[in-house]
2 protein chains.
Amino acid sequence: MLSYSKGTGEYENWILAEEDFDLRYQNKCESIMALGNGYLGLRSSFEEPYVGQIRNMFVAGTYNKADVNEVTELPNAADVVEMQIYLNSELFSLTYGKILEYSRYLNLKDGELVREVLWESPKGLRYRLLFRRFVSLGDLHFIGIKVSITPIDEDAIVKIKTGINGKMTNSGVQHFKDGEKRVYEKEYLQLIQTTTESNIDFVINCCCSCYLENKMNRIFYIRKDFFLERRSIFGLYEFKAKKNLTINFEKFANVFTSRDKEYAEKYNLQEMRHDSLEHLKICSLSSYDELFEKSKSKWRQYWKDVEVRVESKNSVDQLALRFAQYHLLIMTPMHDERFSVGAKGLTGEGYKGHVFWDTELFILPYFQYNMPNIAGQLLKYRYLTLEGARKKAKQYGYEGAMYPWESAYTGEEETPEWAAINIITGEPTRVWSGIKEHHITADIAYAVWNYYLSTDDVDFLKKYGSEIIFECAWFWCSRAKWNSNKSRYEILDVIGPDEYTEHVDNNAYTNYMAHYVISIALRLYDLLPEIDREAFEFLDRKLNLKKRYDTYLDVYNKLYLPKPNENGIIPQDDTFLSKKQIDIDKYRNSEAKQSILLDYSRDQVVNMQVLKQADVVMLLYVLKNLFDKEVIEKNWKYYEARTIHDSSLSMAIHSIVATFFDDIQAAYECFKQASMIDMGQNPNSSDNGIHAASMGGIWLAAVIGFGGVFNNEGILELNPALPYEWEGLEFDIKLKLRKIHISIDRDKIEITSKDDGITDIMVYGEKYILEKRLVLPYRKESQQGCSPDVKAEDYLS
Amino acid sequence: MLSYSKGTGEYENWILAEEDFDLRYQNKCESIMALGNGYLGLRSSFEEPYVGQIRNMFVAGTYNKADVNEVTELPNAADVVEMQIYLNSELFSLTYGKILEYSRYLNLKDGELVREVLWESPKGLRYRLLFRRFVSLGDLHFIGIKVSITPIDEDAIVKIKTGINGKMTNSGVQHFKDGEKRVYEKEYLQLIQTTTESNIDFVINCCCSCYLENKMNRIFYIRKDFFLERRSIFGLYEFKAKKNLTINFEKFANVFTSRDKEYAEKYNLQEMRHDSLEHLKICSLSSYDELFEKSKSKWRQYWKDVEVRVESKNSVDQLALRFAQYHLLIMTPMHDERFSVGAKGLTGEGYKGHVFWDTELFILPYFQYNMPNIAGQLLKYRYLTLEGARKKAKQYGYEGAMYPWESAYTGEEETPEWAAINIITGEPTRVWSGIKEHHITADIAYAVWNYYLSTDDVDFLKKYGSEIIFECAWFWCSRAKWNSNKSRYEILDVIGPDEYTEHVDNNAYTNYMAHYVISIALRLYDLLPEIDREAFEFLDRKLNLKKRYDTYLDVYNKLYLPKPNENGIIPQDDTFLSKKQIDIDKYRNSEAKQSILLDYSRDQVVNMQVLKQADVVMLLYVLKNLFDKEVIEKNWKYYEARTIHDSSLSMAIHSIVATFFDDIQAAYECFKQASMIDMGQNPNSSDNGIHAASMGGIWLAAVIGFGGVFNNEGILELNPALPYEWEGLEFDIKLKLRKIHISIDRDKIEITSKDDGITDIMVYGEKYILEKRLVLPYRKESQQGCSPDVKAEDYLS
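Residues numbered from 1 in each chain as written. Chains lettered and ligands numbered in written order. Predicted model: local features only at pLDDT ≥ 70, side-chain atom pairs only at ≥ 80, totals over all residues. Heavy atoms only, no water.

A.B. asks: Quick question: what am I supposed to make of the overall build of chain A here?
C.D. replies: The helix and strand inventory of chain A stands at 21 helices and 32 strands. On C-alpha atoms alone, chain A measures out to a radius of gyration of 27 Å, which is about the 28 Å that the 2.2 N^0.38 rule sets for 797 residues. The C-alpha extent of chain A, read off along each of the three principal axes, is 85 × 60 × 55 Å. Taking all 797 residues of chain A together, 67% fall into the buried category. At a minimum sequence separation of 6, the contacts of chain A that also span at least 24 residues come to 67%. For chain A, the exposed area adds up to about 28000 Å²; of that, 48% sits on carbon and sulfur atoms. Computing the positive centroid from 98 side-chain charges and the negative centroid from 119, chain A places the two 3 Å apart. (Helix = DSSP H or I, 4+ residues; strand = E, 2+ residues; numbered from the N terminus. Rg over C-alpha atoms; globule rule 2.2 N^0.38 Å. Buried < 20%, exposed > 50% of the residue type's maximum accessible area, 1.4 Å probe, protein only. Contact = heavy atoms within 4.5 Å. Areas by Shrake-Rupley, 256 points an atom, 1.4 Å probe, with all protein chains shown as cover. Lys, Arg positive; Asp, Glu negative; His and termini not counted. Charge placed at Lys NZ, Arg CZ, Asp CG, Glu CD.)

A.B. asks: What is the right way to look at the interface of chain A and chain B in this model?
C.D. replies: Accessible area lost upon the coming together of the parts is a frequently used measure of interface size. Contacts between the two partners involve 42 residues from chain A and, on the opposite side, 42 residues from chain B. Taking both sides of the interface into account, the surface hidden between chain A and chain B amounts to around 3500 Å²; carbon and sulfur atoms contribute 54%. Viewed at the interface, chain B and chain A are joined by eight salt bridges. Of the charged contacts in the structure, one is a salt bridge between E70(B) and R231(A), with a shortest N-O distance of 2.9 Å. For the pair chain A and chain B, the number of links is 11 residue pairs in polar contact (both at pLDDT 80 or more). (Buried area = accessible area lost by both parts, 1.4 Å probe. Salt bridge = Lys/Arg side-chain N within 4 Å of Asp/Glu carboxyl O. Polar contact = N/O pair within 3.5 Å; in protein donor to acceptor, adjacent residues only side chain to side chain.)

A.B. asks: In this structure, what is going on with the side chain of T62(B)? I would like to understand it.
C.D. replies: On the secondary structure map, T62(B) appears in the loop between β5 (57-59) and β6 (83-87). Those residues in contact with T62(B) that sit more than four places away from it in its chain are E73(B), L74(B), P75(B), T195(B), I200(B), F202(B), T257(B) and R259(B).

A.B. asks: Explain the pairing of strand β20 (residues 309-312) of chain A to me, please; I cannot follow it from the model alone.
C.D. replies: Working note: regular strand, side chains alternate between the two faces of the sheet. Residue and element names in this part refer to chain A. Going residue by residue along β20, you find V310 and S312 tucked away on one face and R309 and E311 left uncovered on the opposite face. Taken together, the four bridges between β20 and strand β27 (residues 726-735) define a ladder with antiparallel strand orientation. In the sheet register, S312 faces β27, and the bridge partner there is W726. (Pairing = 2+ DSSP bridges.)

A.B. asks: What am I meant to see in helix α21 (residues 664-679) of chain B here?
C.D. replies: An α-helical segment advances 3.6 residues per turn. Residues three or four places apart therefore align on the same side. All names here are of chain B. Taking 1.5 Å of rise per residue, 16 residues should cover 22 Å, and α21 covers 22 Å from first to last C-alpha, within 8% of that figure. α21 sits mainly inside the fold: 12 of its 16 residues count as buried. When α21 is considered as a whole, its buried residues turn out to be I664, Q665, A666, A667, Y668, C670, F671, A674, S675, I677, D678 and M679. (Expected span 1.5 Å × (residues − 1).)

A.B. asks: Looking at this structure, how should I read the relation of the copies chain A and chain B?
C.D. replies: In summary, the two copies of the chain are related to each other by a rotation about an axis coupled with a shift along it. Expressed as a screw transformation, the operator carrying chain A onto chain B has a rotation angle of 180° and an axial translation of 0.1 Å, and the superposed copies differ by an RMSD of 0.0 Å. In short, the pair behaves as if placed about a two-fold rotation axis. The fraction of interface residues of chain A whose copies in chain B are also interface residues reaches 100%, indicating that both copies meet through the same surface. (Least-squares fit on C-alpha atoms with pLDDT ≥ 70 in both.)

A.B. asks: Would you explain the sheet that holds strand β17 (residues 232-241) of chain B in this entry?
C.D. replies: Across a sheet, strands are paired by hydrogen bonds formed along the backbone, either parallel or antiparallel in direction. All names here are of chain B. Ordered by their spatial adjacency, five strands build an open sheet running β7-β6-β12-β17-β16, and the pairing between neighbours is antiparallel. The strands lining the two open edges of the sheet, one partner per strand, are β7 (90-91) and β16 (223-229). In the sheet, β6 pairs with strand β12 (residues 156-165) via five bridges, with the strands oriented antiparallel. Counterpart to M83 in the pairing with β12 is T162.

A.B. asks: Would you explain the sheet that holds strand β4 (residues 40-42) of chain B in this entry?
C.D. replies: Residues and elements named next belong to chain B. Across the sheet, which stays open at both edges, the three strands sit in the order β3-β4-β5 with antiparallel pairing between neighbours. Sheet topology places β3 (35-36) and β5 at the edges, where each strand pairs with a single neighbour. Taken together, the three bridges between β4 and β5 define a ladder with antiparallel strand orientation. Bridge pairing links G41 to F58 in β5.

A.B. asks: Please clarify how the packing of aromatic side chains should be interpreted in this entry.
C.D. replies: Going through the model one piece at a time under the given rule, you end up with 110 aromatic pairs over all chains. On the basis of an interplanar angle of 45° and a centroid distance of 5.8 Å, the ring pair of F576(A) and Y639(A) is categorised as tilted. You can see F576(A) sitting in the loop between α13 (545-558) and α14 (585-588) and its partner Y639(A) sitting in helix α18 (residues 629-640), a full 63 residues away along the chain. Accessibility classification places F576(A) together with Y639(A) in one group, the buried group. Between F46(B) and Y50(B), the aromatic rings sit 5.1 Å apart at their centres with planes inclined by 75°, giving edge-to-face as the arrangement. What makes Y50(B) buried here is its relative accessible area of 3%. Counting every residue linked through ring pairs, the aromatic cluster contains Y351(A), F356(A), W357(A), F362(A), W405(A) and Y509(A). Taking the ring centre of W432(A) as reference, the NZ or CZ of R430(A) above it sits at 5.1 Å. (Phe/Tyr/Trp six-rings, centres within 6.5 Å; stacked < 30°, edge-to-face > 60°. Lys NZ or Arg CZ within 6 Å of the ring centre and 35° of its normal.)

A.B. asks: Any chance you could explain the side chain of S93(B) here in plain terms?
C.D. replies: Residues and elements named next belong to chain B. Here S93 lies in the loop between β7 and β8 (98-107). At 2.8 Å, the side chain of S93 forms a polar contact with the side chain of T95. Among all residues touching S93, those that are not within four sequence positions of it are E48, Y50 and W119.

A.B. asks: How do you make sense of the packing of helix α9 (residues 440-455) of chain A against helix α10 (residues 458-479) of chain A when you look at a structure like this?
C.D. replies: Packed helices, taken two at a time, are described by their axes: the angle between them and the distance between them. Residue and element names in this part refer to chain A. Where α9 contacts α10, the two axes come as close as 9 Å, and the packing angle between them is 150°. By the angle between their axes, α9 is roughly antiparallel relative to α10. In this structure, α9 crosses over α10, and the sense of that crossing is left-handed. Contact residues: α9 offers T441, A442, I444, A445, V448, W449, Y451 and Y452, while α10 offers V458, F460, L461, G465, I468, I469, C472, F475 and W476. Split into classes, the residues belonging to the contact of α9 with α10 amount to 15 nonpolar, two polar and no charged. (Axes fitted to C-alpha atoms, helices over the stretch in contact; angles between N-to-C directions. Parallel < 35°, antiparallel > 145°, perpendicular 65-115°, else oblique. Left-handed = near helix turned anticlockwise from the far one by under 90°. Nonpolar A, V, L, I, M, F, W, Y, C, P; charged D, E, K, R; others polar.)

A.B. asks: What is the right way to read α10(A) from this model?
C.D. replies: All names here are of chain A. Taking 1.5 Å of rise per residue, the 22 residues of α10 would be expected to cover 32 Å, and the 29 Å separating its terminal C-alpha atoms lies within 8% of that figure. The largest bend in α10 amounts to roughly 50° and is located at G465. With respect to burial, α10 is a largely interior element, 17 of its 22 residues being buried. (Bend = angle between axes of the 7 residues up to and from the residue.)

A.B. asks: I'm lost on the environment of N217(B) in this one. Help?
C.D. replies: Mapped onto the fold, N217(B) is located in the loop between β15 (201-211) and β16. Discounting residues that sit within four places of it in the chain, N217(B) has contacts with C210(B), Y211(B) and L212(B).

A.B. asks: Just checking my understanding: could you explain the pattern of salt bridges for this structure?
C.D. replies: All names here are of chain A. Scanning all chains against the criterion turns up 132 salt bridges over all chains. For R273, the salt bridge goes to E180, with nearest N and O atoms at 3.1 Å. Separated by 93 residues along the polypeptide, R273 in helix α2 (residues 269-283) and E180 in the loop between β13 (176-177) and β14 (181-184) bring together distant segments of the chain. Assessed through its relative accessible area of 6%, R273 is described here as buried. One salt bridge in this structure joins D732 and K739, with 3.6 Å as the shortest N-O distance. For K739, a relative accessible area of 27% gives the class partly exposed.

A.B. asks: Please explain the nonpolar core as it appears in this structure.
C.D. replies: Counting residues in each nonpolar core, the largest one holds 234 residues, and the members touching the most others are W357(B), F470(B), Y552(B), M618(B), Y621(B), V709(B) and I751(B). The element that contributes the greatest number of residues to this core is helix α12 (residues 508-531) of chain B, accounting for 14 residues. Not counting chain neighbours up to four residues away, the residues in contact with V709(B) comprise Y369(B), V703(B), I704(B), L716(B), E717(B), L718(B), F731(B), I733(B) and I742(B). Ranked by size, the runner-up nonpolar core spans 233 residues in total, among them A324(A), Y403(A), C477(A) and I742(A). (Core = buried A, V, L, I, M, F, W, Y, C linked by side-chain atoms within 4.5 Å.)

Below, the structure is given as structure tokens:
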């Protein structure tokens, strides 16, 4: 069981804890309590090994393709965390002896994993153990571990075997060639491993030290031996711990790779070995506490920049938001625009570290509104992979840029071709997403445009964004097919966001988004020359924009956009509404993901009105301006009833869209479920990593949903509506270089900015101008969508 | 703790047991209780997983080289043993709940692994579980597992997740490309994997069934679902077990590979898939018990053929012999002469499945005297790899055939280049064996000749053996270096059997053996034309024998053979006797292997009078005729005092050589230690596999040592001498097509043969002729080496 209320005082709602040792939660906690800094991701496995553990350490962007039958993935680097601890010759393991006290927790505020154990060994001797661990936010390469041991009943001989274990695989797939292993100065262990295909060198170092109160009080080892095993190198450290005295054993490790930016241009392995060793030597002059303090101060700065405060009767809501924001930071390679965010961040092998539309639609807005430069960087990744997208378009006989459904380093398609078994035929199921799920090419252009609208980042638009938008729009022009019977363009044979339908024609989400992207291209065609004629001319020469123009316009004018039918329902695609309906309650309530596929084959599910996730509802979210409240409500209700929410991308969007038609309590129900996707009590929801998009979704649901923030073509609209459980909501957003603080409570909405300038703001449909501070009445009866019952001027300051 | 006395009645001294659950013994028992049939080797891991487990399944001869930095090795195939068993939703694991009864044992007589457990779950519910497992001796591809579950306190819902897990690696090295996975007929699971470099396809199938008393009473599953995971495929079987009723869950699996002999010539993967599936379907018509019965009858036949009976006050002696003979069978690829025996058999990753001199000097004699056709086959392996040996000779600038120190499929050198770390420099230690340990090229020719002498297998000699001998002898001619100062040939810069010295000149063992091989070549030069002139001429054309003759003769006459010095000690090499001596007691008594290398670097050890294993003593064993009893005794005593016995090849040879100078009790002490190398209580002696040579050594110590069997150039000499603890010793040997039964007790020696013919036999130096039965007096005071005190004629029948 997870506990959400461990934190008190300054740590209230900052601590995610596990208060009893329960191996059913092992993999989940490894994921949700993972540490990282965007460069390095380290699963929070226990120091001592347990059956079923999944130890993972990933370095962003270090993709490798192990074999022709495999797709490229983030390789699982050598493990530095495992320790075999012998206390008076008894192996420390919580499956033996008695656990007298136990608590493990992730401190979100400081970025530290802590475990406190009082253990009675099988022989009846008690030991207190305190484990602490962090991945430095200030020093991307650094991992610190501290184990404090206090024998309670007798003096103890402590033996710890630990080092660098390169036997790790990705579920049996070995990505590394064996490399050199060394001990330097009888102190520093070094292991080198090189990826088999991408030839990326990893240099991993570690060292251990042991002392009483502080590092001045070093302990003398009884023995210190080193062992070379296959693909691994270990030290065996033996020392004496006196009864009731605490001994601190510290292990420091670091990781450098030849993909690191500083080695991208001029690289020499020997130099990197030297650098990394020097780095560790310098670190080892400080103590864990000192190094941790530096990392902690970076975390405190982050929280100052991005904090969202929720006053809720369910205090877990606040924790959930912080949990999401914690992960949004550690998943994002802020140090390097050549990489983007994997669907599991850097917390597990799931989705192989690949980048999906999740980044642009679920994660990017968080950065756009909080750290816009990082948002720009994430979009630059799509610019850097544009060639891969062009290649894919060509391969499929299309033009422009066709972004891969799953993207890694080059932008080529990385989606695996086969997935789970078809229980009827006994054959593996084809994965069609890489081949047919095309909406991502619209999603990325949409994200670029929205980034521009909210940041006014003209430089990005002209250098990178425009080319993406023009090329994506051009893809859609080539993708659309003229239907001469109906005199319209159609988009046939796609998969929409709802992956439980495949090979459908005119998926509403896809068609609308494609249309939107072409519309942006047309606007940009006019806008770009005004901003920078030279940039336009350059792109015209490269892409033949003037020649393309008529085609853009033609497809824009004639692309089929499915309209609501007589019942007000927008058909998800041409055939969806005529498909069979079944009772899906069983699958909605199942703890197991995609449990419907145990009863039905994928081919059968495809022919039912069963949704994995928001599809039309997603459309209502991304292009809300196009639909009136009644249509939104009708469609939400129709589709939600048919949605299993087997995707972590579903609940948060349903929550937000429910606020559009003012069903705030339905929105809150969805929010609660979204916030529990990773942090909830289901012991297996996150085995292979957290759900990165869901982390973004939690923030979106709070700020975009209840906070009611909407960037309407560059104008900030605010329509806040708090659920009954919330007394207040407070957050910052950055808009066009201004940082705006929004504070909502049951009385008023307070909007302030310390930055100079003015901003047009629409609140509940009324236009205001924000200079420094604006206080408006809160619309009390939010669920009914009624208008403000207090006049605005009462509050104007 | 292991128990040696579990067997009673017909199983007395046939059962090797572990009577308490102790994970310190996990890896050891996986090795020593391993199952196999020479085609397939299966480590005896538990069904349920535990931390530290090493699951291994090997198929003989399927070597693969994973990467340029690695050497070729036997790849660890997909696991079919693991089962996750849930009893009323509680995961079965002996680290949880209470173990009320526990016994795990290997039944050597029947070739079955059994485990009986009475377990109380954490919730306090008791279950009786009986696990049985065998690898069929009759059907090389087949593995059977049977789990019988009896709920004691309540009815139980049983869930078992099991299938085929291709995530296995060799300590982190993945040897397989991912392949197809299928479920056929909602019953049969199939996984295909292909080695990365040698491109060997493995097809692995399994199926499960569940019934009450017998297969007619099938149980209906509550659910049966199949899951495809990365590199693995599983079934989840759920059924109800009534209180106090036993439910039998059977899992059958098989393995086929494209290296199998039947596919060697014409191979088609689809055909093999089909064959293997049909094979499993046919098996699944029978029950575990029926299939096991067939395998058991093969085991019974084996024991009838090879049994050695020891009447000892230490009944473990008898068990140890059976244990050795059990492993000698399962380690040997009797089905295919393209492979030989790995240094760990098929029981672990140690030594990577490579073939050493262990086979020819320690294992071959067992087969030579028991199953001579298998001995011939093992030598044929060396003939088939002769090209590799020629290649190596060439590579090093020598002529003839230079056999690899470690051999796999092609006969090329496969010794890894680097081993454990040098604690002084921090750098890995160079492994010199592959480069400098040349005596194997003498050992193989020696074995060929002895095989011929004991079998009269003229056909083998002329087709295969002669070429090996001539080429090995020729290697030694090119290897020997003329020392003009001393007017002699010398062999410089080698490693002898004692690997704690390196780069030595004129290692006694090496020089004497090289000399012996050249002497055989000279004899064969005369003999072969007599046997078959055409064969000789053919070889002459191929090898230029007539031209070589003078060189053979010259080196034979002038090769330096170190003689005993003034103290009667044969110098191990030119410098050994002048090296420093240290106290080695600490290392002799250490449970850890090669513990001296923790205190000294290899470079330091090389410069001490410290032996890893028999070297001069080995020479006394192989060429005993050359040395008189006094020299043998003096050298044994000198060298044994300086030997750590860090090699499993050491003790048995010391035991045998002690019988040469009639110190039978010293011999017995060595025998006891040899017999405990794998079977003893040291929990880590066999983690990476059993010691194949040691298994041969145990048999050699009994039959060659105490039994006193010596094949002196084709004449059987018998000098039996039993330790005080032994009342009788009885065994068969096959000699020149006759099977001879020898029974020794404290009164008499009885020699019988049922085969027609006569055999010359020397007993205690007196010559007899055996027709049918010969009874001679036993030399009672064996330790003093006195002559028979009863006249032979008293006993002649």
